[in-house]
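Here's the letter readout for the chains.
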2 protein chains.
Amino acid sequence: MEELKKRILLVEDDPNFGTVLKDYLMMNDYEVTHAKNGMEGFEKFKKDDFDLCILDVMMPYKDGFTLAKEIREKNSDVPIIFLTAKTMKEDVLKGYKVGADDYLNKPFDSEVLLMKIKAIIQRKATETISDSKQFEFKIGKFDLNSKLRFLRFNGGEPVKLSPKENELLRLLALHENDLMPRELALTKIWRDDNYFTSRSMDVYIAKLRKYLKPDPKVEILNIHGEGFRLVVNE
Amino acid sequence: MEELKKRILLVEDDPNFGTVLKDYLMMNDYEVTHAKNGMEGFEKFKKDDFDLCILDVMMPYKDGFTLAKEIREKNSDVPIIFLTAKTMKEDVLKGYKVGADDYLNKPFDSEVLLMKIKAIIQRKATETISDSKQFEFKIGKFDLNSKLRFLRFNGGEPVKLSPKENELLRLLALHENDLMPRELALTKIWRDDNYFTSRSMDVYIAKLRKYLKPDPKVEILNIHGEGFRLVVNE
DNA sequence: CATTTTTGTTAACGTTAGGTTAAAAGCCCT
DNA sequence: AGGGCTTTTAACCTAACGTTAACAAAAATG
């Protein structure tokens, strides 16, 4: 149950309302990041992967639409829900133009918001991921299929990878021959950087090394205090 | 540039409002069929293929929800927009349960309706590419006829499949050799994603595995926490 | 060169997801 | 209302996963 919480970026400048809404969403099993304005919202958006963004339209410095546009430029897929203070037609239309998935007029019913969130996230889930390229890697004589979570050596029998093994190896592969910082894996995969998650990660590195043993040209090197490096020799 | 007009089924008992709305939609390049009540709505629905249904909730004889349920039984894919007279939370929630794509409170802004229609139809269009109208599959030595709901091994006696068995196998076949996410089956077939529907799905997987046993090259693999994969070896 | 910190590795443990079968509940059709 | 089919729920069991502990080795520190 702990594992697959959906992540929501909530950008709302009203501190009271924002906090209450955040707590409400968290009570309903979402992982919520709360940003107090558009600027901060974009920073947090860049740092993490979210399943949904809830943006207040009326905000100082950077309004919700502008933020949405920036988000769309970076990642065209994240669903966006706008919160508008009043029923302004122009706002609604503008919202849809930017690529909103829905909008809600304040004040709104919290249960309705929940339903919308659920519906939208489910919708996204049913859209089949077709660009398999991003999930396939060649690592020496290995083929990593990160979507189907298996690792094959030399075209032989594939070995199944657990979610964490898979994610970690994928991150390493993305940085092949380059440093993959500890912190990166911990924040992206474990979503927490502390002593225990760090040790856990070391355990997984050991597992991966075992898997990769068949090809002596492939190894995972440690860079003390920094992270790891997946190298393919020659 | 003679494009195919999108077809909308409008079910609305108020004759004035219904006619105006129909004309408005037609002016915006939709082909509209107007039914005056739920009964008539279902008749017309059965006769034709529509890209979208707009249903009034409050109607004599057969309300919008009941109609929606019937429509869903016949064709689980058509997008549905509900028109509700007032903001009744229960209505909204009920709507989403039936699988509504959106709802609008009367009175609503006509431009907003247009935007929603456009957004929804577009969404459906991109979605439909993958699970296009396909009802016959070859799965190893099996033939699946998803319309007639039977599965035949090696040209022998066909086995009858129950609706759920059929739908599930069809979804797996559509994603042959690829991941068929749990979530996808649960939302598309069971329309709800919880512990019990999930367990129910596992039961069906077991049933399908039994059916598929005759061909050792065909198997349904599990990808822990993600879903299932129908593979045909070699 | 002794000490602290970081990493390597293995094993044990608790928890959750999935496999399977059977019984119960729901439906439909007379 | 009863019989046949479908679907859900329950129960029990195994497999898969991730975390933590424990101990060893390596690297940095000073």
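Residues numbered from 1 in each chain as written. Chains lettered and ligands numbered in written order. Predicted model: local features only at pLDDT ≥ 70, side-chain atom pairs only at ≥ 80, totals over all residues. Heavy atoms only, no water.

The name recorded for chain A in an unreviewed UniProt entry is Response regulator transcription factor, from Tamlana crocina.

## As for the domain arrangement of chain A
How big an interface is tends to be stated in terms of the accessible area lost upon association of its parts. As assigned here, chain A comprises domain 1 (6–126) and domain 2 (132–232). The centre of domain 1 of chain A, based on its C-alpha atoms, is set 33 Å off from the matching centre of domain 2 of chain A. (Domains from an automatic or database assignment.)

## Thoughts on the sheet that holds strand β1 (residues 6–11) of chain A
Residue and element names in this part refer to chain A. Taken together, 5 strands build an open sheet; the order of strands is β2-β1-β3-β4-β5 and the sheet is parallel. Unpaired on one side and paired on the other, β2 (30–35) and β5 (102–105) mark the two borders of the sheet. With strand direction ignored, the average angle separating the axes of adjacent strands in the sheet is 20 degrees. In the sheet, strand β4 (residues 80–84) pairs with β5 via 4 bridges, with the strands oriented parallel. The partner of isoleucine 81 across the bridge, within β5, is aspartate 102. Across the sheet, helix α2 (residues 38–47) touches β1, β2 and β3 (52–56), and the angle it forms with β2 is around 135 degrees. (Pairing = 2+ DSSP bridges. Helix = DSSP H or I, 4+ residues; strand = E, 2+ residues; numbered from the N terminus. Axes fitted to C-alpha atoms, helices over the stretch in contact; angles between N-to-C directions. Contact = heavy atoms within 4.5 Å.)

## Things to note about the pattern of salt bridges
By the definition in use, this model includes 24 salt bridges over all chains. The partner of arginine 7 of chain B in a salt bridge is glutamate 31 of chain B, and the shortest N-O contact between them spans 3.3 Å. Remark: glutamate 31 of chain B occurs in strand β2 (residues 30–35) and arginine 7 of chain B occurs in strand β1 (residues 6–11); sequence separation between them is 24 residues. Through salt bridges that share partners, Arg7, Glu31, Asp48 and Arg191 of chain A make up one connected network. (Salt bridge = Lys/Arg side-chain N within 4 Å of Asp/Glu carboxyl O.)

## Thoughts on the protein's contact with DNA strand D
For DNA strand D, the set of nearby residues contains 22 residues, the closest of which are Ser162 and Trp190 of chain A together with Ser162, Trp190 and Ser200 of chain B. Counted by atom, the contact set of DNA strand D within 4 Å of the protein is 79% sugar and phosphate. Between DNA strand D and lysine 164 of chain A, the relevant distance is 3.3 Å, taken from a phosphate oxygen to a main-chain nitrogen or oxygen of the residue. The separation between a phosphate oxygen of DNA strand D and a polar side-chain atom of serine 162 of chain B is 2.3 Å. For the surface near DNA strand D, the leading source of residues is helix α8 (residues 195–212) of chain B, giving 6 residues. Grouping the amino acids of the surface near DNA strand D by side-chain chemistry returns 10 nonpolar, 6 polar and 6 charged. (Near = heavy atom within 4 Å. Polar contact = N/O pair within 3.5 Å; in protein donor to acceptor, adjacent residues only side chain to side chain. Nonpolar A, V, L, I, M, F, W, Y, C, P; charged D, E, K, R; others polar.)

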